[in-house]
Amino acid sequence: MSFYITTPLYYVNDVPHIGHAYTTVAADVISRYKRLKGEDVHFLTGTDEHGQKVMRAAQKRGLSSQDHVDELVTRFQDLWVRLDITNDDFIRTTEDRHKAVVRDILQDFHDRGLLYKEGYAGWYSTSEERFWTEKDVLDGPDGTKLCPASKQPVEWVEEQNWFFKMSDYADQLRQWVADHPEWLKPETRRNELLGILKKDVGDLCISRPKTRLPWGIPIPFDEDYVTYVWFDALINYISAVGYLRDDATFETRWPANWQLLGKDILTTHTLYWGTMLFAAGLPPAQRLYAHGWWTVEGQKMSKSLGNVVDPHLLIDAYGSDSVRYVLMAEKSFGQDGDFSHKSTRLRYNSDLADKIGNLAHRALSMTAKWLDSKVPALDADTDDDKALAAEVAGYIDTFDVALEAMETADALEALVNIARAGNMYIDRQAPWALNKAGDTARLAGVMRRTLEISRICGTLLLPFCPQKSQDLLDRLGAQASLDGVGRLDVLTEGTTVRHGDPLFPRMQELPAIIAEALAKVGGDLKSLEGKAPAAAKKSKKKKKSKKKDPISFSDFGKLELKTGQVLSAEKHPDADRLLVLQVDVGEESPRQVVAGIASKYTPEEVVGLRVIVVANLEPATIRGVESQGMLLAAGAKAVLAMATTTEDVPVGTVVR
Ligand code: MSP
């Protein structure tokens, strides 16, 4: 059975922005996942190229409309290449294969009496390509009227037009929505549609006179008219897959499995498109998802703000994989969400660098160090090994259910939990101790399971981050396959693994090109990273002047403070006041730290504690035991409390 998924056709005149990238990446992620499952995927995207806006923009540039769109379409096509989008087809509404089908449908509707011609008068908005009634429009300057949606001037237009008897199919649509509660996601949009369908839906004006708007598909039975852009554009979803041209192909594709759209184009994709399909004797797509919108740095996307999230800039700064990941992880699909550079960096560091990347790095580097870079043999499962396998299997199920439902953020949360489980397994099993003790069979078994979890992460991450995930699978000598993905015995024993640089190095600060772009619009933004508001700066100054013996920022910057977790602790063999701790600070092996905290804490009390470690202190030998750092604690002479973190941040997180 085929899996057919579509994105809206983007207005070719628009400069591609993260809203466009968002839907396309989402469709690509599910397409890649379905292909991994062995399904026959057909992923369609494209551009909407007719209409008055396009024609006027072309005229301004002194180009024919066709030359204009031929040039502009490459902006979308190039972006999709840079974002690793694997669409199977790209349809443009100016292509013959599309135009011919639109004309055939119009002719058929006309022949069957589904269209009629009538006089029409109203305020026409070129920016929205639609009519508004007198009560809709807003008053503009000098007696002008404005479009309520775009706030651009509208023109009074009186003309004869063709109408589609949409109201004839409204009941069928009402019934469809009632019978298919899963048809339209999310619930809020379904309720919105139910509200629309409660009222009289009226008929749909589907033509524009050529005298006013020549840039469209001519109506076959009345050549003085062209087709309304939405009637034209919606048909792409079936013209692209052989409707009226190639029945065999069409039957395998339609109804589409998923149609993705933004919440703003709900009416067109449900009421208009649904009734058009019913009129053609076709069912609607199996499922529709009207996703939420992005704001940028807390504000509605505008031209200037658009620049700081220009998808090309994001790819230059963060790389295609990270952009894809963050878009899919940062916002629940159905809800609105905010895109900010600060949260992009936090998300990258917490999920990709500290969890998935860290697990892979630890697994590969320890295998290189102690096991000659060879995939080792499994040993018999302990209870902890069984618990790990069960936990991971549970997360894989959650991942699958979520992704099948297009809930990309939930799927990624499950994936990050797999990496977290892998990291915690390493901490518990302490392979460094097994190595030290010469327990080679157990060391091999532990590292094998760790490598397998890395493979699982690489495989499930593949639809989101295709480049890095493939790199990870290559390093592990693994094939990309979902067959038995959760098993912990898939890798081939003896295969050489490649350790290499970390896949997702921590991003310490905002990339310079982003900082520059933000600085250009800085005045408009409240939440700018690195730019303290003036008031805050002042109060900092005051405080500073009160302090005695201030140290400079650069002196403070020399300190490397990191979060850590105490893995084990024992009494110092030669000093009552001291404990000897093994502390995980997110490095290949834990640090040994000698801490003067024994008067307050027993070794048992500190195991598992989250601590703050001074990580760049010169190693020192304290009463014969080497100490590779220091823990922060409150109290001058006697220790009163350990410094810790309020949140469960990953080990190795920088503390400032
Ligand atoms: N051409 C029509 C669609 C025709 S489909 C047969 C159109 N094009 S569009 O380019 O304006 O919008 C395309 C998509 O981008 C819509 O789904 C819209 O919701 C989405 N987005 C536009 N701005 C957005 C955000 N700020 N955030 C998320 N998506 C946004 O409408």
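No experiment lies behind these values; they were computed from the predicted model shown.

**Here we look at the overall build of the protein chain**
The secondary structure content of the protein chain amounts to 23 helices and 27 strands. Along the first, second and third principal axes, the C-alpha set of the protein chain runs to 100 × 65 × 45 Å. In the protein chain, which comprises 656 residues, the proportion classed as buried is 53%. Of the contacts made within the protein chain by residues no fewer than 6 positions apart, 74% connect residues no fewer than 24 positions apart. Side chains of the protein chain give 81 positive and 94 negative charges; the mean places of these two sets differ by 8 Å.

**Considerations on helix H6 (residues 187-198)**
Compared with an ideal rise of 1.5 Å per residue, which puts 12 residues at 16 Å, H6 spans 17 Å between its outermost C-alpha atoms and is within 8% of the ideal. Inspection of H6 places Arg 189, Arg 190, Leu 193 and Leu 197 among the buried residues, and these make up the whole buried set. Along the long axis of H6, the arc covered by the buried residues comes to 105°, so they all point the same way. Taken together, the buried residues of H6 touch helix H5 (170-179), strand E9 (184-185), helix H10 (266-279) and strand E15 (287-291).

**Focus: the domain arrangement of the protein chain**
Here the protein chain is described as being made up of domain 1 (2-102 + 230-306), domain 2 (113-225), domain 3 (356-508) and domain 4 (557-642). Computed over C-alpha atoms only, the centres of domain 1 and domain 4 are separated by 58 Å.

**A short note on the packing of aromatic side chains**
Under the criterion given, the structure shown has 27 aromatic pairs. A centroid spacing of 5.6 Å and a plane angle of 75° characterise the contact between Tyr 33 and Phe 399, whose relative ring orientation is edge-to-face. Separated by 366 residues along the polypeptide, Tyr 33 in helix H1 (residues 18-36) and Phe 399 in helix H15 (residues 383-404) bring together distant segments of the chain. Phe 399 shares its class with Tyr 33; the two are buried. Here the aromatic residues Tyr 22, Trp 258, Tyr 289, Trp 294, Phe 333 and Phe 339 are joined through ring pairs into a cluster of three or more. Above the face of the Tyr 11 ring, Lys 53 is positioned so that its terminal group lies 5.1 Å from the ring centre. Note that Arg 212 overlies the ring of Tyr 124, its terminal NZ or CZ placed 4.3 Å from the centroid.

**Considerations on the pairing of strand E3 (residues 89-92)**
Burial along E3 is two-sided: Asp 89 and Ile 91 facing one way and Phe 90 and Arg 92 facing the other are all buried. Here strand E2 (residues 40-48) runs beside E3; their pairing, made up of four bridges, is parallel. The partner of Gly 46 across the bridge, within E3, is Ile 91.

**Structural notes on the environment of Thr 24**
For Thr 24, the position within the fold is in helix H1. Judged by relative accessible area, which is 0%, Thr 24 ranks as buried. As a C-alpha pair, Thr 24 and Pro 8 span 16 residues in sequence and 8.8 Å in three-dimensional space.

**Things to note about the site of the ligand**
Around the ligand, the surrounding shell holds 24 residues, and the nearest of these are Leu 9, Asp 48, Gly 262, Asp 264 and Trp 294. Between the ligand and the protein, one listed contact pairs a nitrogen atom with a backbone N or O atom of Leu 9 at 2.7 Å. Contact between the ligand and Trp 293: an oxygen atom at 3.0 Å from a side-chain N or O atom of the residue. Bound to the protein, the ligand loses 95% of the 670 Å² it would expose on its own. Put simply, the parts of the chain that give the shell around the ligand at least two residues each are strand E1 (2-11), H1, helix H7 (229-234), helix H8 (236-239) and strand E14 (258-262). No other element matches E1, which puts four residues into the shell around the ligand.

**Re helix H4 (residues 96-111)**
Since the α-helix packs 3.6 residues into each turn, any two residues three or four apart lie on the same face. Over its 16 residues, H4 extends 22 Å from the first C-alpha to the last, a length consistent with the 22 Å expected when each residue adds 1.5 Å. For H4, every residue scored as buried is listed here: His 98, Val 101, Val 102, Ile 105, Leu 106 and Phe 109. The buried residues of H4 occupy an angular sector of 140° when the element is viewed end-on, so they sit on one face. Seen from the open side of H4, the exposed residues pointing more than 90 degrees away from its buried face are Asp 96 and Asp 111. Within two residues after H4, Gly 113 carries a phi angle of roughly 70°, on the positive side.

**Some details on the packing of H5 against H10**
Direction vectors running N to C along H5 and H10 enclose 110°, while the axes themselves pass 9 Å from each other. Between H5 and H10, the angle falls in the class roughly perpendicular. Facing Ala 170, Gln 172, Leu 173 and Trp 176 of H5, the residues of H10 in contact are Thr 270, Leu 271, Gly 274, Thr 275 and Phe 278. Within the contact of H5 with H10, the residues separate by chemical class into five nonpolar, four polar and no charged.

**Considering a nonpolar patch on the surface**
Taken together, the side chains of Ile 551, Phe 556 and Leu 559 define a hydrophobic patch exposed on the protein surface, amounting to about 280 Å² of accessible area. As for its position among the elements, Ile 551 is in the loop between helix H21 (534-546) and helix H22 (553-557). A relative accessible area of 56% places Ile 551 in the exposed class.

**Digging into the environment of Asp 264**
Mapped onto the elements of the fold, Asp 264 is located in the loop between E14 and H10. Here the alpha-carbon distance between Asp 264 and Pro 431, two residues 167 residues apart in the chain, equals 53 Å. Side-chain polar atoms of Asp 264 contact the side chain of Trp 293, separated by 3.2 Å.

**Digging into the sheet that holds E1**
Here we have six strands laid out as an open sheet, ordered E3-E2-E1-E14-E15-E9, and parallel in their pairing. Either end of the sheet is taken by a strand with one partner, and the two such strands are E3 and E9. Sheet topology note: the E14/E15 ladder contains five bridges and is parallel. Paired with Leu 260 across the strands is Tyr 289, a residue of E15.

**Quick look at the pattern of salt bridges**
In this structure the tally under the stated criterion is 46 salt bridges. Among the ionic pairs, Glu 95 bridges to Arg 97, the shortest N-O distance being 3.2 Å. Given the relative accessible area of 25%, Glu 95 is considered partly exposed. For Arg 97, a relative accessible area of 30% translates into the label partly exposed. Between Asp 381 and Arg 449 there is a salt bridge; the shortest N-O distance is 3.0 Å. Separated by 68 residues along the polypeptide, Asp 381 in the loop between helix H14 (341-370) and H15 and Arg 449 in helix H18 (residues 440-461) bring together distant segments of the chain. Using a relative accessible area of 47% as the deciding quantity, one classes Asp 381 as partly exposed.

What counts, and where the lines are drawn
- Residues numbered from 1 in each chain as written.
- Predicted model: local features only at pLDDT ≥ 70, side-chain atom pairs only at ≥ 80, totals over all residues.
- Heavy atoms only, no water.
- Helix = DSSP H or I, 4+ residues; strand = E, 2+ residues; numbered from the N terminus.
- Buried < 20%, exposed > 50% of the residue type's maximum accessible area, 1.4 Å probe, protein only.
- Contact = heavy atoms within 4.5 Å.
- Lys, Arg positive; Asp, Glu negative; His and termini not counted.
- Charge placed at Lys NZ, Arg CZ, Asp CG, Glu CD.
- Expected span 1.5 Å × (residues − 1).
- Arc of directions from axis to C-beta.
- Domains from an automatic or database assignment.
- Phe/Tyr/Trp six-rings, centres within 6.5 Å; stacked < 30°, edge-to-face > 60°.
- Lys NZ or Arg CZ within 6 Å of the ring centre and 35° of its normal.
- Pairing = 2+ DSSP bridges.
- Near = heavy atom within 4 Å.
- Polar contact = N/O pair within 3.5 Å; in protein donor to acceptor, adjacent residues only side chain to side chain.
- Areas by Shrake-Rupley, 256 points an atom, 1.4 Å probe, with all protein chains shown as cover.
- Axes fitted to C-alpha atoms, helices over the stretch in contact; angles between N-to-C directions.
- Parallel < 35°, antiparallel > 145°, perpendicular 65-115°, else oblique.
- Nonpolar A, V, L, I, M, F, W, Y, C, P; charged D, E, K, R; others polar.
- Patch = residues over 30% accessible without salt bridge, like charges linked within 9 Å, V, L, I, M, F, W, Y side chains within 5 Å.
- Salt bridge = Lys/Arg side-chain N within 4 Å of Asp/Glu carboxyl O.

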